[in-house]
Amino acid sequence: MAYWYNVDKGTVEDDSNKSPGDQLLGPYTTQDDATHALEHARENTEKWDAEDKAWDDAGLED
């Protein structure tokens, strides 16, 4: 079963009660992973921002 984090409601959903896709992060394999979806998203964003900055600082082009 897949789990989803609903960003509008701040709740975890599964396939049986899944909201429209534009409200969801996931799928996640566990309810616990879905519960921490925003934390994971923030970590990924920080990582990607640092990679973009390093790319820009090196003078590389897209």
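The structure we're discussing is the one just above.
A short tour of the structure in this document, coming up. Remember, predicted model here, so these are calculated numbers, not experimental data.

Looking at the sheet that holds strand E1 (residues 3-6)
Next, step 1: Here we have three strands laid out as an open sheet, ordered E2-E1-E3, and antiparallel in their pairing. What marks the edges here is a single partner per strand, and that holds for strand E2 (11-14) and strand E3 (24-28). Across the sheet, the mean angle separating the axes of adjacent strands is 25 degrees when strand polarity is ignored.
Next, step 2: Pairing of E1 with E3 involves three bridges; the strand directions are antiparallel. Among the inter-strand pairings, Asn6 is bridged to a residue of E3, identified as Leu24.

Digging into the side chain of Glu13
Next, step 1: Within the secondary structure layout, Glu13 lies in strand E2.
Next, step 2: A polar contact is formed between the side chain of Glu13 and the side chain of Asn6, at a distance of 2.9 Å.
Next, step 3: Once residues lying within four places of it in the same chain are set aside, the contact partners of Glu13 are Ala2, Tyr3, Trp4, Asn6, Lys18, Ser19 and Leu24.

Notes on the pattern of salt bridges
Next, step 1: Counted according to the given criterion, the structure contains two salt bridges.
Next, step 2: The closest approach of N and O atoms between Glu13 and Lys9, which form a salt bridge, is 4.0 Å.
Next, step 3: The class for Glu13 is buried, based on a relative accessible area of 4%.
Next, step 4: Two residues, Lys53 and Asp57, come together in a salt bridge whose shortest N-O distance is 2.7 Å.

Comments concerning the pairing of E2
Next, step 1: Of the pairings in the sheet, the one linking E1 to E2 comprises four bridges and is antiparallel in character. Residue pairing in the sheet places Trp4 in a bridge with Glu13 of E2.
Next, step 2: Linking E1 to E2, which pair antiparallel, is a turn of four residues; within it Gly10 sits at a positive phi near 70 degrees.

The rules behind these values
- Residues numbered from 1 in each chain as written.
- Predicted model: local features only at pLDDT ≥ 70, side-chain atom pairs only at ≥ 80, totals over all residues.
- Heavy atoms only, no water.
- Pairing = 2+ DSSP bridges.
- Helix = DSSP H or I, 4+ residues; strand = E, 2+ residues; numbered from the N terminus.
- Axes fitted to C-alpha atoms, helices over the stretch in contact; angles between N-to-C directions.
- Polar contact = N/O pair within 3.5 Å; in protein donor to acceptor, adjacent residues only side chain to side chain.
- Contact = heavy atoms within 4.5 Å.
- Salt bridge = Lys/Arg side-chain N within 4 Å of Asp/Glu carboxyl O.
- Buried < 20%, exposed > 50% of the residue type's maximum accessible area, 1.4 Å probe, protein only.

Nothing here speaks to function; it is all geometry.
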